Amino acid sequence: MTNLTEQKLNFVKELLSWFRENKRDLPWRKNKNPYHIWISEIMLQQTRVDTVIPYFENFIDKFPTIEALANAPEEDVLKAWEGLGYYSRARNLHSAVKEVKASYGSVVPDNPKDISSLKGVGPYTAGAVLSIAYDKPEPAVDGNVMRVLSRYFLIEEDITKVSTRTAMEKIIREIIPSDAASDFNQGLMELGALVCTPKSPKCTTCPVMEHCDARLQGKEEALPIKKKAKPPKLEQRLVAFIEGTGTNEGKILIRQRPGKGLLAGMWELPHYLTENPLKDWMGSEELNEDFVIDQYALETGTELGSGQWMLDINHVFSHILWDMKVYQFTESHSLIEKEAIQLSSEYRYAWISLDEVDEYVFPNVFLRIFKEVKRTK
DNA sequence: TATGCGTGGCA
DNA sequence: TTGCCAAGCAT
């Protein structure tokens, strides 16, 4: 650690001291179990700490070890992830854990090359696990760290660019103390989460405010520079809540999405994208119902009875806004007996009762629909 | 490099 | 109410 400016030396010293006094008592900080650290880091990607805590506790309870997770059916893993979002994280994690069992004796790799080769483990997660679990002096640059560094060193590069992140990793490599890598990286993130917040940063209580360039120039609120995300694309979707008759009396029809893409492999109610999205829904209820009946026939070759409006519901993804209208239908033929349907559609189907919903993995928007239906029935 | 990929909290 | 987001990764 030679040639470091006073600004950098002071930063390391004050940050470590502050973290050791102020760190939160979080479930994944109870020990240095690399498996636990790994799970927490995957869950925390783009997800708030308060949201993650109960999922983490339940996940570790269900899958206490690498072996337990590796041996579990993917369905169980996804079920434990239900509601957390970004479901490819769960599939990639499951795949990576199997790889760790098969190739690394069920021990999380402790070097950059091996750990980075695992599915779902990118530059941030690799550095986080290596530093937090193994105390390796590797950078772990996430959104918090970029916000802190961009303010402290007045870096006005767009933090959505990869080149900005790699530049910050270089800074971290210069200043990360080789005898306190874990506390240093965690301290950076903790400072970003508790003090150097996106809005209204608490500079008056900040341990490094004295040498913070943005603060000294009154620019802390203007940093970091971040290109605005595109607004989500509006999709108006008509949802079919289909009730069975005869042998399917009391059951509803659900379908499983394809294994790739949005909400891959998850179950849902059938729903159909309208052809001409309008700002407001212009079509009549009858036209909407006819559209569903037509689309359903094209998809399954089966006829629905007349429909009735049930409820409207919206769901916002990062990049898509589903504006949904749910209609109730009856269907008197059993799809499952018709092989042609399986061939003509990319979906799998199942008749289930509302009580069986928790045996399948549904994205949150459909759980909300089921909840609303149960409430009104 | 740009885009796809969830969800819930909050000012 | 609406627009940001929050401990990113894959392609």
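Within each chain, residue numbers correspond to sequence positions counted from 1 in written order. Chain labels run from A onward and ligand labels from 1 onward, assigned in the order the entries are written. The predicted origin of the model limits local features to residues at a pLDDT of at least 70 and limits the giving and counting of side-chain atom pairs to 80 or more, whereas totals for whole chains, interfaces and linings rest on all residues.

Draft legend 1. Seen up close, the overall build of chain A. Comment: elements are numbered from the N terminus, with helices defined as DSSP H or I runs of at least four residues and strands as E runs of at least two. The secondary structure content of chain A amounts to 15 helices and seven strands. Overall size of chain A, expressed as C-alpha extent along the three principal axes, is 80 × 50 × 35 Å. Around each residue's C-beta, the other C-beta atoms within 10 Å are counted; 20 or more make the residue buried, 12 or fewer make it exposed, and counts in between make it partly exposed. All C-beta atoms are placed from the backbone. Out of the 377 residues belonging to chain A, those deemed buried represent 33%. Look at the contacts in chain A between residues 6 or more apart in sequence, and 68% of them connect residues 24 or more apart. We call two residues in contact when the distance between their C-beta atoms, placed using the backbone, is within 7 Å.

Draft legend 2. Region of interest: the protein's contact with DNA strand C. Near DNA strand C, the surroundings consist of 26 residues, among which Gly122, Thr125, Gly143, Asn144 and Pro198 are the closest. Breaking the surface near DNA strand C down by element, the ones donating at least two residues are helix H2 (34-44), helix H8 (123-134), helix H9 (143-152) and helix H11 (181-194). Only Asp, Glu, Lys and Arg are considered charged in this grouping, and only Ala, Val, Leu, Ile, Met, Phe, Trp, Tyr, Cys and Pro are considered nonpolar; every other residue, Gly among them, is considered polar. Tallied by class, the residues present in the surface near DNA strand C amount to ten nonpolar, ten polar and six charged. In this entry, near means the residue's backbone-placed C-beta atom lies within 6 Å of the molecule or strand.

Draft legend 3. The arrangement of the domain arrangement of chain A in detail. By the assigned domains, chain A splits into domain 1 (6-222) and domain 2 (233-376). Put simply, the middle of domain 1 and the middle of domain 2, counted by C-alpha atoms, are 38 Å apart. Each partner contributes to the interface: domain 1 provides six residues, whereas domain 2 provides seven residues. Boundaries between domains were set according to an automatic or database domain assignment.

Draft legend 4. Fine view of the nonpolar core. By convention in this section, buried Ala, Val, Leu, Ile, Met, Phe, Trp, Tyr and Cys residues joined through C-beta atoms within 7 Å make up a nonpolar core. The biggest cluster of nonpolar side chains holds 60 residues, and the ones touching the most others in it are Ile39, Val129 and Val145. Here the element with the most residues in this core is H2; it accounts for seven residues. If you look at the next biggest cluster of nonpolar residues, it comprises 23 residues, including Val292, Val326, Val361 and Phe362.

Draft legend 5. Focus on the protein's contact with DNA strand B. Taken together, 21 residues form the shell around DNA strand B, and within it Gly85, Gly261, Leu262, Pro363 and Asn364 come nearest. Elements with a contribution of two residues or more to the surface near DNA strand B: helix H10 (162-175) and helix H15 (364-376). Here the surface near DNA strand B is composed, by residue class, of nine nonpolar, eleven polar and one charged.

Draft legend 6. Quick look at the UniProt feature "domain: HhH-GPD" (unreviewed entry) in chain A. UniProt positions are given in the numbering used here, feature names are shortened, and annotations may be inferred rather than shown by experiment. Those residues carrying the UniProt feature "domain: HhH-GPD" (unreviewed entry) are residues 43-194 in this numbering. Split by type, residues 43-194 is 66% helix and 0% strand. Its first and last C-alpha atoms lie 19 Å apart.

Draft legend 7. Structural view of the pairing of strand E2 (residues 252-256). With respect to burial, E2 is a largely interior element, four of its five residues being buried. Pairing between E2 and strand E7 (residues 348-352): five bridges, direction antiparallel. Bridging from a neighbouring strand, glutamine 256 pairs with arginine 348 of E7. Pairing analysis gives two bridges linking E2 to strand E3 (residues 267-268), with the strands arranged antiparallel. By the bridge assignment for E3, arginine 255 is matched with glutamate 268. Note on pairing: DSSP must find at least two bridges between two strands before they are called paired.

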